[in-house]
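The lines below spell out each chain.
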Amino acid sequence: MGHLQNRNIIIGVTGGIAAYKIAETIRLLRKSGAAVRVIMSRGAQAFMTPLTLQSLSGNPVHTDLLDETAEMGMGHIELARWADAYLIAPATADTLARLAMGRADDLLTTTALATPAPLFVAPAMNQQMWSNTATQANMRILEERGITVLGPGHGTQACGDIGAGRLAEPEEMSAALEDFFPSRELAGKRVVITAGPTLEAIDPVRFVSNHSSGKMGFALAQAAAEAGADTVLVAGPVTLATPPNVRRVDVQSAEEMLAACLAQLATPSHLFIGSAAVADYRPVVAANQKIKKSGESLQLELVRNPDIIAAVATMSPRPVKVIGFAAETEHMVDHAQAKRKAKGLDVIVANDVSRKDIGFDSDSNAVTWIDGSGAESIPMTSKKNLARILVSRCAQLFAEGEDDDLPQTGRESGGIGH
Ligand code: C5P
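Residues numbered from 1 in each chain as written. Predicted model: local features only at pLDDT ≥ 70, side-chain atom pairs only at ≥ 80, totals over all residues. Heavy atoms only, no water.

So, about unusual backbone geometry. Residue Pro90 follows Ala89 across a cis peptide bond; omega there is -10°. Mapped onto the elements, Pro90 comes out in strand β3 (residues 85–91). Following Gly151, the chain continues into Pro152 via a peptide bond in cis, with omega recorded as 0°. Tracing the sequence through the fold places Pro152 in the loop between β5 (148–149) and β6 (153–156). Although it is not a glycine, Asn245 adopts a positive phi angle of roughly 60°. Structurally, Asn245 is set in the loop between β11 (230–235) and β12 (246–250). The class for Asn245 is exposed, based on a relative accessible area of 70%. Here His331, not a glycine, exhibits a phi torsion of approximately 45°, which is positive. Locating His331 in the fold gives a position in the loop between β16 (321–328) and α14 (332–343). The exposed category is assigned to His331, whose relative accessible area is 53%. (Helix = DSSP H or I, 4+ residues; strand = E, 2+ residues; numbered from the N terminus. Buried < 20%, exposed > 50% of the residue type's maximum accessible area, 1.4 Å probe, protein only.)

What follows is the structure, given as C-alpha cells:
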C-alpha cells in the first residue's frame, strides 16, 4: 500500500539461528520502497556474513561501536537519527535483557537508546528460555516502554523442542512495519469527503434524519489525511471527534451539505468521496415555531433533496475522481452499477445492508468496489482498515497515470493578459 516508500529502517540482527530469515525480511522491506541499514551484533556474524546483508540492503553493514572508519561514514548517532523505525530481529534472550536494562555495550543496543524512532523487537529463542521468568519480566519492561513485540511464533524449533520462541515470519515483520506507517499515497492531493446523516428540520425541535453514524466517512477522512491528502470533511450531525489534520465543516441539512461541498470544490480537488447518507426528502417548509399537537394525524409534505454527488460529478471543473457509496438490500452489484452510471461516478462502493453484521452503526464493513470494468469484493474488516484499503485504491486511480492533473478553474486559466 506504499506505506514504506522512502522510510528508513534499521534492522538490528543478533546471534540466533533464525538470523537467516532476515535476508528475506530485508528483501520484502526494500521491495516496498524502504531504505534499509543493518546493524549486526558479534553473535549475528557467526550465523550470517555482513557481506550477505550488505548485498541485500544495498548499504554497508554496521558492526562496531568503536570503529573509526565506520564513524567517519555514518556515525552511530547519525545512524540512530536516520531511522524512521528500528527492528531488532532476531532478538535473543540476552539482547532482550540488555535492552530491558538500557545497556549500551555494543552498537546495536547503543542505537536502541540513541534513536528517537519506534522500536520493534522480534524475539527468537528456545521455548524454555522464552518462558523463563527472567525473559518474561524483561518483555514486560520492554512492552511497558511502548516497544512493539512481533511474535514469537509457536512450533518446532531448531533444537528439536516444540513451543513458543520461533522468530516471526518475514512477511509478518514487514507487514507490521507497513501497518505502522501511514501511507503517503495521496500527498499533494486535495480530497473532499461527506459523512454522516443529514438532518431536515420539520420545526425548531423536530426533524427527519437517518441512523448513519458517520464512522465510515470519518475513517475515510482519517485515512486520507494519513496518506498525506489535504482533507476536508463535510460532516452532518454526528458526535465523532475530528481526525487529526482534517478540516471539518459541520452542516445539518442536505442543502447546507451541497452548498458546503460546492464551496470547498471551488478549489480544484482531486478526489470527492460521498459517504454521507443524505436524506432523500425534506419537509417542504420548516415551521418557524414548534408545531402544536392537534387532531389524530399530521400531514407532512416532503420534497426531494438535491443529489449532492450527482451535482459534484457534473460540475465544471469536476473533481478528478468522484467516488460514491451505495447501500443495497438486493441485486447489489447490478443496482449499484446502475447507480454509478446514473450519477456519473468513477467508482461506487456497494454494501449489502440486509446483512446484520455490517453497515450503519457497526465498526466493521464488507463492501464491493464497482467501477467501469467490473466488481471486486473487499472482505469484512474494521471500518478503519477498510478506509485505508479504499483510500489506497483511490490513490491507485491516480497512480495508474490517468488524468490526475487538476482541472483549471475559469479564473485561473483565463487570467489577466490572456
Ligand atoms: O441514491 P443513493 O442514496 O442510493 O446514492 C448513494 C450515494 O449518493 C452516496 O454516495 C451518497 O453520499 C450520495 N447521495 C448524495 N446526495 C443525495 C443522495 C445520495 O450525495 N441526495
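All told, the structure shown has 16 salt bridges when counted by the stated rule. We note a salt bridge from Asp106 to Arg98, for which the minimum N-O separation is 3.3 Å. Note that Arg282 and Glu255 form a salt bridge whose closest N and O atoms lie 3.3 Å from each other. Here the residue Arg282 occupies a position in strand β14 (residues 281–283), and Glu255 occupies one in helix α12 (residues 254–264), the gap between them amounting to 27 residues. With a relative accessible area of 41%, Glu255 lands in the partly exposed category. (Salt bridge = Lys/Arg side-chain N within 4 Å of Asp/Glu carboxyl O.)

Attention shifts here to the site of the ligand. Around the ligand, the surrounding shell consists of Gly274, Ala276, Val278, Pro306, Asp307, Ile308, Ile309, Gly324, Phe325, Lys339 and Lys343. In this structure, Ala276 approaches the ligand through a main-chain N or O atom, which is 2.7 Å from an oxygen atom. Between the ligand and the protein, one listed contact pairs an oxygen atom with a side-chain N or O atom of Lys343 at 2.9 Å. Here the ligand loses 84% of its free accessible area of 450 Å² to cover by the protein chains. (Near = heavy atom within 4 Å. Polar contact = N/O pair within 3.5 Å; in protein donor to acceptor, adjacent residues only side chain to side chain. Areas by Shrake-Rupley, 256 points an atom, 1.4 Å probe, with all protein chains shown as cover.)

We now examine a nonpolar patch on the surface. Residues Ile17, Tyr20 and Phe47 make up a contiguous nonpolar surface patch of roughly 340 Å² in combined accessible area. If you trace the backbone, Ile17 turns up in the loop between β1 (8–13) and α1 (21–31). (Patch = residues over 30% accessible without salt bridge, like charges linked within 9 Å, V, L, I, M, F, W, Y side chains within 5 Å.)

Further remarks concern the nonpolar core. With 35 residues, the main nonpolar core has Leu186 and Leu390 as its most contacted residues. Secondary-structure elements contributing two or more residues to this core are β8 (190–195), α11 (215–226), β11, β13 (271–274), β17 (347–352), β18 (364–371) and α15 (383–399). Filtering out sequence-adjacent residues up to four positions away, Leu390 remains in contact with Met216, Leu220, Phe325, Val349, Val367, Trp369 and Ile378. Within the second largest apolar cluster, 30 residues are counted, among which are Met48, Ala122, Leu150 and Leu177. (Core = buried A, V, L, I, M, F, W, Y, C linked by side-chain atoms within 4.5 Å. Contact = heavy atoms within 4.5 Å.)

Both β6 and strand β7 (residues 162–166) contribute to a ladder of four bridges, which runs antiparallel. Residue pairing for β7: Gly153 is matched across the bridge by Arg166. Joining the antiparallel neighbours β6 and β7 is a turn of five residues, in which Gly160 adopts a positive phi near 100°. (Pairing = 2+ DSSP bridges.)

Consider a sheet: its strands pair through backbone hydrogen bonds, and that pairing is either parallel or antiparallel. Strand order in the open sheet formed by five strands is β2-β1-β3-β4-β5, and the pairing between neighbours is parallel. Each edge of the sheet is formed by a strand with only one pairing partner; in this case those strands are β2 (35–40) and β5. Note: strand β4 (residues 119–123) against β5, two bridges, orientation parallel. Residue pairing in the sheet places Val121 in a bridge with Val149 of β5. Along the sheet, helix α6 (residues 93–101) makes contact with β3 and β4, crossing β3 at roughly 140°. (Axes fitted to C-alpha atoms, helices over the stretch in contact; angles between N-to-C directions.)

What follows deals with the domain arrangement of the chain. It is common to report an interface's size as the accessible area lost on association of the parts. For the chain, the assigned domains read domain 1 (8–180) and domain 2 (190–399). The C-alpha-based centres of domain 1 and domain 2 are spaced at 44 Å. (Domains from an automatic or database assignment.)

Before going further, it helps to spend a moment on the packing of α6 against helix α9 (residues 133–144). Between α6 and α9, the least distance of the axes is 9 Å, while the angle of their chain directions is 45°. By the angle between their axes, α6 is oblique relative to α9. Where α6 crosses over α9, the handedness of that crossing is left-handed. Packed against α6, whose contacting residues are Ala93, Leu96, Ala97, Leu99 and Ala100, the element α9 presents Thr135, Asn138, Met139, Ile141 and Leu142 at the interface. Across the contact of α6 with α9, the residue classes tally to eight nonpolar, two polar and no charged. (Parallel < 35°, antiparallel > 145°, perpendicular 65-115°, else oblique. Left-handed = near helix turned anticlockwise from the far one by under 90°. Nonpolar A, V, L, I, M, F, W, Y, C, P; charged D, E, K, R; others polar.)

Okay, the sheet that holds β17 next. The eight strands lie next to each other as β12-β11-β8-β13-β16-β17-β18-β19, forming an open sheet whose pairing is mixed. A single partner strand is all that each edge strand has here, and the edge strands are β12 and β19 (374–382). Averaged over neighbouring strand pairs, the angle between their axes works out to 20° when direction is ignored. Sheet topology note: the β17/β18 ladder contains three bridges and is antiparallel. Bridging across to β18, Ala350 finds its partner in Thr368. Sheet strands touched by α12: β8, β11, β12 and β13. Its angle to β11, the strand with the most contacts, is close to 165°.

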